[in-house]
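If you want the building blocks of each chain, they are given just below.
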Amino acid sequence: MDKKLAETIGNVARAARQRAGLTQADVAERLDMASEVYGRLERGLMLPSVPTFRKLCTTLGLSSAKALDLGIQEPFRAPVPPPGFGERPEVRRLLRRVQLLDRRKVRLLAMFAAALRG
């Protein structure tokens with residue numbers, strides 16, 4: 001592994017993620033990887049595969065040149081908003097968890113939420 005390249009991609013990804021107001025879990029979900037694995041990517045401890053690198057660039061609104069920090073000036077592209085964009089982080093986490101539930105459990109959760117609203 002090229003440690004310098006991994007650190008470069010990780011630093012650029014972290015800055016773009018923070019600029020977009022996303023959590024590591026948000027980006028990891030969009031990349032179909034565990035949050036812990038994405039965290040390792042941001043810390044420069046691993047290099048993404050080429051398909052994952054392309055999804056990372058799309059998700060964070062980066063060109064590959066920018067993600068590789070090649071010094072090429074390009075206009076900013078807005079990242080693809082994740083599901084629940086604009087919601088508080090705890091609401092996004094809840095939405096991610098609800099998406100994993102079966103239909104029966106979602107109905108039960110909806111009834112519980114309705115009871116909480118009183």
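Here's what I pulled together on the structure shown here. As the structure is a computational prediction, the values presented were derived from the model and not from experiment. (Residues numbered from 1 in each chain as written. Predicted model: local features only at pLDDT ≥ 70, side-chain atom pairs only at ≥ 80, totals over all residues. Heavy atoms only, no water.)

1. With respect to the environment of R93
Link 1 in the chain: Within the element layout of this structure, R93 appears in helix α6 (residues 89–99).
Link 2 in the chain: Using a relative accessible area of 36% as the deciding quantity, one classes R93 as partly exposed.
Link 3 in the chain: Taking the C-alpha atoms as reference points, R93 and T23, separated by 70 residues in sequence, lie 9.7 Å from one another. (Helix = DSSP H or I, 4+ residues; strand = E, 2+ residues; numbered from the N terminus. Buried < 20%, exposed > 50% of the residue type's maximum accessible area, 1.4 Å probe, protein only.)

2. As for the side chain of T8
Link 1 in the chain: Inspection of the secondary structure assignment puts T8 in helix α1 (residues 3–19).
Link 2 in the chain: With a relative accessible area of 16%, T8 lands in the buried category.

3. Focus: the pattern of salt bridges
Any two side chains of opposite charge can pair, so long as their charged atoms come close to each other.
Link 1 in the chain: Scanning the entire structure with this criterion turns up four salt bridges.
Link 2 in the chain: The partner of K3 in a salt bridge is E7, with the nearest N and O atoms 3.8 Å apart. Here the residue K3 and the residue E7 both occupy positions in helix α1, the gap between them amounting to four residues, near one helical turn.
Link 3 in the chain: Note on E7: relative accessible area 33%, which makes it partly exposed.
Link 4 in the chain: Ionic pairing is found between K55 and D32, a salt bridge with its closest N-O pair at 3.0 Å. Here D32 lies in the loop between α2 (24–30) and α3 (35–42) and K55 lies in helix α4 (residues 50–60), a separation of 23 residues in the sequence.
Link 5 in the chain: The exposed category is assigned to D32, whose relative accessible area is 66%.
Link 6 in the chain: Three or more residues are tied together by salt bridges with common partners; here these are R14, R17 and E42. (Salt bridge = Lys/Arg side-chain N within 4 Å of Asp/Glu carboxyl O.)

4. Brief notes about the nonpolar core
Link 1 in the chain: Among the nonpolar cores identified, the biggest contains 19 residues, and V27, Y38, L41, L56, L60 and L62 are the most heavily contacted of them.
Link 2 in the chain: Taken together, the elements giving at least two residues each to this core come down to α1, α2, α3 and α4. (Core = buried A, V, L, I, M, F, W, Y, C linked by side-chain atoms within 4.5 Å.)

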